[in-house]
Amino acid sequence: MIRQRLRDIDLKITELADYLGITRPTLYKFIDSYDAGNFDSINKKVLDLFNYIEKNPLAGRNTILNYILNHLVLIKEMGEESDVALYNKVKRFLMENPEASKSRFIEEIISKDTFDSVIDYLLTIEPLLKKKRLSEKEKTQVEPYIQLQKALKGASENGTKA
């Protein structure tokens, strides 16, 4: 049963629906149809994914996410060439460095909203970090980042993780 297999690999229905670009109720409908053997009512891409999961009992969460990236995202659907180039760069990095902290962070930020405010802040200050002279207002904006950098540097010098 595909439902149990998804539980076994700790792949949440909400997360999988997001990756597939379908609603959670639609994914539940496909899962129920698959488990009942009614394959005709399932989207071909989703059916291929379910078959892959069923036929590869050793496939884990990362393997399945790589399958989705490699087989279910159509480059033509992505738009501009620069979008495709960025997608390919991210995909290549994730595939080559699945255990890297950046890869784990990317997975976190696409599956949860925990870091959204931090990401917004970093995107706001990024152009300021390139400037040679900052206004007082800009210095105030950048100050939390500078303090974080100091804390991280101090932690690494002390041999601890921040």
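Details of the structure are given in the entry above.
Rules of the game
Residues numbered from 1 in each chain as written. Predicted model: local features only at pLDDT ≥ 70, side-chain atom pairs only at ≥ 80, totals over all residues. Heavy atoms only, no water. Axes fitted to C-alpha atoms, helices over the stretch in contact; angles between N-to-C directions. Helix = DSSP H or I, 4+ residues; strand = E, 2+ residues; numbered from the N terminus. Parallel < 35°, antiparallel > 145°, perpendicular 65-115°, else oblique. Left-handed = near helix turned anticlockwise from the far one by under 90°. Contact = heavy atoms within 4.5 Å. Nonpolar A, V, L, I, M, F, W, Y, C, P; charged D, E, K, R; others polar. Buried < 20%, exposed > 50% of the residue type's maximum accessible area, 1.4 Å probe, protein only. Patch = residues over 30% accessible without salt bridge, like charges linked within 9 Å, V, L, I, M, F, W, Y side chains within 5 Å. Areas by Shrake-Rupley, 256 points an atom, 1.4 Å probe, with all protein chains shown as cover. Salt bridge = Lys/Arg side-chain N within 4 Å of Asp/Glu carboxyl O.

Engineer: What should I look at first to understand the packing of helix α2 (residues 13-20) against helix α5 (residues 61-72) in this one?
Structural biologist: The description of two helices packed together rests on the angle between their axes and the distance between the axes. The N-to-C vectors of α2 and α5 enclose an angle of 20 degrees; their axes lie 11 Å apart at closest approach. Relative to α5, α2 is oriented roughly parallel. Where α2 crosses over α5, the handedness of that crossing is right-handed. Along its contact with α2, which presents E15, L16, Y19 and L20, the element α5 presents R61, L65, I68 and L72. For the contact of α2 with α5, a count of residues per class yields six nonpolar, no polar and two charged.

Engineer: Help me out: how do you make sense of unusual backbone geometry in this one?
Structural biologist: Leave glycine aside and you will find that most residues have negative phi; peptide bonds, for their part, are mostly trans. Located in the positive-phi region is D10, a residue other than glycine, with phi close to 60 degrees. For D10, the location among the structural elements is in the loop between α1 (2-8) and α2. Its relative accessible area of 44% is what places D10 among the partly exposed residues.

Engineer: Got a minute to help me understand a nonpolar patch on the surface in this structure?
Structural biologist: A grouping of F105, F115, V118 and L122 is seen on the molecular surface, where their side chains present a nonpolar patch of about 310 Å² in accessible area. Secondary-structure assignment places F115 in the loop between α7 (101-111) and α8 (116-129).

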